[in-house]
Structures are given as structure tokens and as C-alpha cells.
Amino acid sequence: ALERDVRELELGLRAYGGRDGADAAQELSARVAQLAEFSSIWARRRLAAAVLERVVEQYRQRHQGPVLTRASALFSRLTLGEYAKLQAGLEETRLECVRESDGKSLELEQLSRGTRFQLFLALKLASLEQYVKTAPPLPLVLDDVLVEWDDARSRVALQVLAELSEHLQILLFTHLERDVVSA
């Protein structure tokens, strides 16, 4: 048993290149110091990233215009609460849709075709509502705008349009009996 222990120790020594314990301890100490330095750098960068994310979010909230704020509320309603809000992306020309379930931000290309139509309608209606605050109302003409929508979302869209019809005339053309019956 002692011979076996000696062989294992010799194999261990060869694995470490014949270095003595002091060399190994010094190398270990240097690695621990390097790890501590990297940990400190990582912690500072992570903290800076968290602060930057918070500042960007506060900027978005302060500078989000009334059209985007209203479109956000309409989009949430039109998607039956699937999306919590709309927000400007880090690049001001990008629009992000924030899912209610997980808070994940999706860009236009990541949305389904039907959800994109709901987003477009929310943006159009919000823009039109903002416009009629300062100008005479114009009629709104919509042609088969609800074709890509399921029944539940179509009902909500028709309710939103009915509310808006109190302020302006809406002409809704459709070939879907579902939309005529719901109206």
C-alpha cells in the first residue's frame, strides 16, 4: 500500500512538472489575485450596465410622446393584454413591443403578421386622435383592417373603433360577416 502511495505521489509530481510546493503555492496565489482582480472588474462593469439600463429606461419614460403613449395603451388593449407597452428602442427609429408575460422586448420583425396589423392600427388611431385635438376631424376609412385578426381581438378592435366614432366618422369596409354582426 505504501509503494502504491509513493507511485501516486510520484505521478502527481510529474504532472506538476517536478515543481516544489512553494512554486505551486506561489502560482496558486498569483491566480487567486488575478481572479480577484477580474471579479472586481466584472462587478464594476455589471453595476455600470445596471445603472445605464435604469437611466435609459427613465429617459424613455420621460421622452415618450403622447402618440406613443396612447398607441401603447391601444396596442395592449388590441392584443388582449399580451403586450404591456410600446417603447422607443435604443435607436430612436426602432419601436419595441414589451410582452406582458415575461417583459421581453420584441421588434417589429419578431411579431406575427396579425400582431403587426394590431400595432399598425394602434399607431394609426393614436396619431389620428392626436391630430383631431388640433384640427377638424376627417373621416377614417378602413378596408378589411381586421382580416388577420382572431374573433376576440376583432371584438375589442370594433369596441375601440366605436369609442373613436364619437369624435369622427369611421367607414369600415369588410367582407367578413363576423365583423358586420359584431358591429
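Criteria and cut-off values
Residues numbered from 1 in each chain as written. Predicted model: local features only at pLDDT ≥ 70, side-chain atom pairs only at ≥ 80, totals over all residues. Heavy atoms only, no water. Core = buried A, V, L, I, M, F, W, Y, C linked by side-chain atoms within 4.5 Å. Buried < 20%, exposed > 50% of the residue type's maximum accessible area, 1.4 Å probe, protein only. Contact = heavy atoms within 4.5 Å. Pairing = 2+ DSSP bridges. Helix = DSSP H or I, 4+ residues; strand = E, 2+ residues; numbered from the N terminus. Right-handed = clockwise from strand over helix to strand, strands pointing away. Expected span 1.5 Å × (residues − 1). Axes fitted to C-alpha atoms, helices over the stretch in contact; angles between N-to-C directions.

## Notes on the nonpolar core
Next up, step 1: Within the largest apolar cluster, 29 residues are counted, with the highest numbers of intra-cluster contacts made by Leu78, Leu125 and Leu140.
Next up, step 2: In this structure Leu78 touches Gln118, Leu121, Ala122, Trp149, Arg153, Val156, Ala157 and Val160, once residues within four positions along its chain are discounted.

## Concerning the pairing of strand 5 (residues 170-173)
Next up, step 1: When strand 4 (residues 140-143) meets strand 5, the two strands line up parallel, connected through 4 bridges. In the strand pairing of strand 5, Leu140 is matched with Ile170.
Next up, step 2: The parallel pair strand 4 and strand 5 is bridged by helix 5 (residues 151-164), and the resulting crossover is right-handed.

## Notes on helix 3 (residues 66-78)
Next up, step 1: Look at helix 3: 18 Å from first C-alpha to last across 13 residues, which is about the 18 Å you get at 1.5 Å a residue.
Next up, step 2: What helix 3 keeps buried is the set Leu68, Ala71, Ser72, Leu74, Phe75, Ser76 and Leu78.
Next up, step 3: In this structure, the buried residues of helix 3 make contact with strand 1 (83-88), strand 2 (95-99), helix 4 (113-132) and helix 5.
Next up, step 4: Downstream of helix 3 by a residue or two, Leu80 has a phi angle that is positive, lying close to 55°.

## Digging into the sheet that holds strand 2
Next up, step 1: Here we have 3 strands laid out as an open sheet, ordered 1-2-3, and antiparallel in their pairing. Since the sheet does not close on itself, it has two edges, and those belong to strand 1 and strand 3 (105-107), each with one partner. Across this sheet, the average inter-strand angle for adjacent strands is 30°, counted without regard to direction.
Next up, step 2: Looking at chain direction, strand 2 and strand 3 are connected through 3 bridges and run antiparallel. By the bridge assignment for strand 3, Glu96 is matched with Glu107.
Next up, step 3: Together, strand 1 and strand 2 form the strand contacts of helix 3, whose direction differs from that of strand 1 by roughly 155°.

Such coordinate-based values are descriptive only and should not be taken to indicate function.
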